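Commentary on secondary and tertiary structure
Listed here are the chains, written in short residue letters.
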Amino acid sequence: MSVVAVKVFENKFEMSSDSIMVHGWSSQTKDNTFKYAKMFRTKDMVVGCVGDVSESTAFSLFLKDHKLSDLRLGEEALQQLIWDFKRWLYEKTDSEEPLTNQMIIGTKFGVWLFFGISCLEITSNFAIGAGEDFARGALAMGASTKKACEVACELSAFCEYPVKTEKMNFSK
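Here's a quick rundown of the structure. (Residues numbered from 1 in each chain as written. Predicted model: local features only at pLDDT ≥ 70, side-chain atom pairs only at ≥ 80, totals over all residues. Heavy atoms only, no water.)

Observations concerning the nonpolar core
Counting residues in hydrophobic clusters, the biggest one holds 19 residues, and the most contacted among them are Val 47, Phe 59, Leu 63, Met 103, Ile 105 and Phe 114. Of all elements in the fold, only β6 (45-50), α1 (53-65), α2 (75-93), β7 (102-107) and β8 (110-115) reach the threshold of two or more residues within this core. In terms of residue count, the dominant contributor to this core is α2 (five residues). Membership of the second largest hydrophobic core comes to 15 residues, among which are Met 39, Val 46, Val 50 and Ile 128. (Core = buried A, V, L, I, M, F, W, Y, C linked by side-chain atoms within 4.5 Å. Buried < 20%, exposed > 50% of the residue type's maximum accessible area, 1.4 Å probe, protein only. Helix = DSSP H or I, 4+ residues; strand = E, 2+ residues; numbered from the N terminus.)

Have a look at this one:
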């Protein structure tokens, strides 16, 4: 469920997400009273998640107490971060279930796609989630990430307003 779209420019990136949360077959965001659960920002990164909101919430809690390694190391540092999160989650829940969410993590040094513990660098337009095809089509036509997520909200039963957008400049 959900959609997260990102555009990578020469000196910055822009990321947007919808904010659907469901319980059973009912959307919990139609009244727009919930905080954005699919994307959050820390001092060092912007994270957009699709999948189980409890996993993305756990990741945001983990980041509050976790000391990040040198993010200039890019993929290596972020893969270590995901491994540390998986261990932390096991300690908190005693569950060895694999990570199931897809995440786009943007830092001052680049943007990466995570699925499980696998990592790929994103260097242009990209989208994930149930609305990704709609969002990718809009991005290909020149839409902003916000507009791409709005298109997904209009066309996918699994995406919902409001759309949130974050931007971050790259360090030189």
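Digging into the side chain of Asp 84
Topologically, Asp 84 is positioned in helix α2. On the basis of relative accessible area, Asp 84 is assigned to the buried category, the value being 19%. A polar contact is formed between the side chain of Asp 84 and the side chain of Gln 80, at a distance of 2.8 Å. For Asp 84, the residues in contact, after removing those within four places along its chain, are Phe 62 and His 66. (Polar contact = N/O pair within 3.5 Å; in protein donor to acceptor, adjacent residues only side chain to side chain. Contact = heavy atoms within 4.5 Å.)

Some details on the pairing of strand β11 (residues 164-169)
Only one face of β11 is covered, namely the face carrying Lys 164, Glu 166 and Met 168; the face carrying Thr 165, Lys 167 and Asn 169 is uncovered. As defined by bridge partners, strand β2 (residues 12-17) adjoins β11 across six bridges and the pair is classed as antiparallel. Across the sheet, Glu 14 pairs through a bridge with Lys 167, a residue of β11. (Pairing = 2+ DSSP bridges.)

Focus on the pattern of salt bridges
Under the definition given, this model contains six salt bridges. In this structure, the salt-bridge partner of Arg 87 is Asp 84, at a minimum N-O distance of 2.5 Å. With Arg 87 and Asp 84 both in helix α2 and three residues apart, the pair spans about one turn of that helix. Overall, the relative accessible area of 43% leaves Arg 87 in the partly exposed class. (Salt bridge = Lys/Arg side-chain N within 4 Å of Asp/Glu carboxyl O.)

Observations regarding the sheet that holds strand β1 (residues 3-8)
Pairing within the open sheet is antiparallel, and its four strands lie in the order β10-β1-β2-β11. Across the chains shown, the open sheet's two edge strands, defined by having one partner strand only, are β10 (126-129) and β11. Shown here is a sheet whose adjacent strand axes are inclined to one another by a mean of 15°, direction ignored. Strand direction decides the pairing type here: β1 and β2, joined by five bridges, are antiparallel. Following the sheet pairing, Val 6 is matched in β2 by Met 15. (Axes fitted to C-alpha atoms, helices over the stretch in contact; angles between N-to-C directions.)

Comments concerning the side chain of Thr 145
Inspection of the secondary structure assignment puts Thr 145 in helix α4 (residues 145-155). Taking relative accessible area as the criterion, Thr 145 reaches 0% and is therefore assigned buried. Within the local environment of Thr 145, its side chain forms a polar contact with the side chain of Glu 14, the two groups lying 2.6 Å apart. With residues near it in sequence (within four places) discarded, Thr 145 still touches Ala 5, Val 6, Lys 7, Glu 14, Met 15, Ser 16, Leu 139 and Thr 165.

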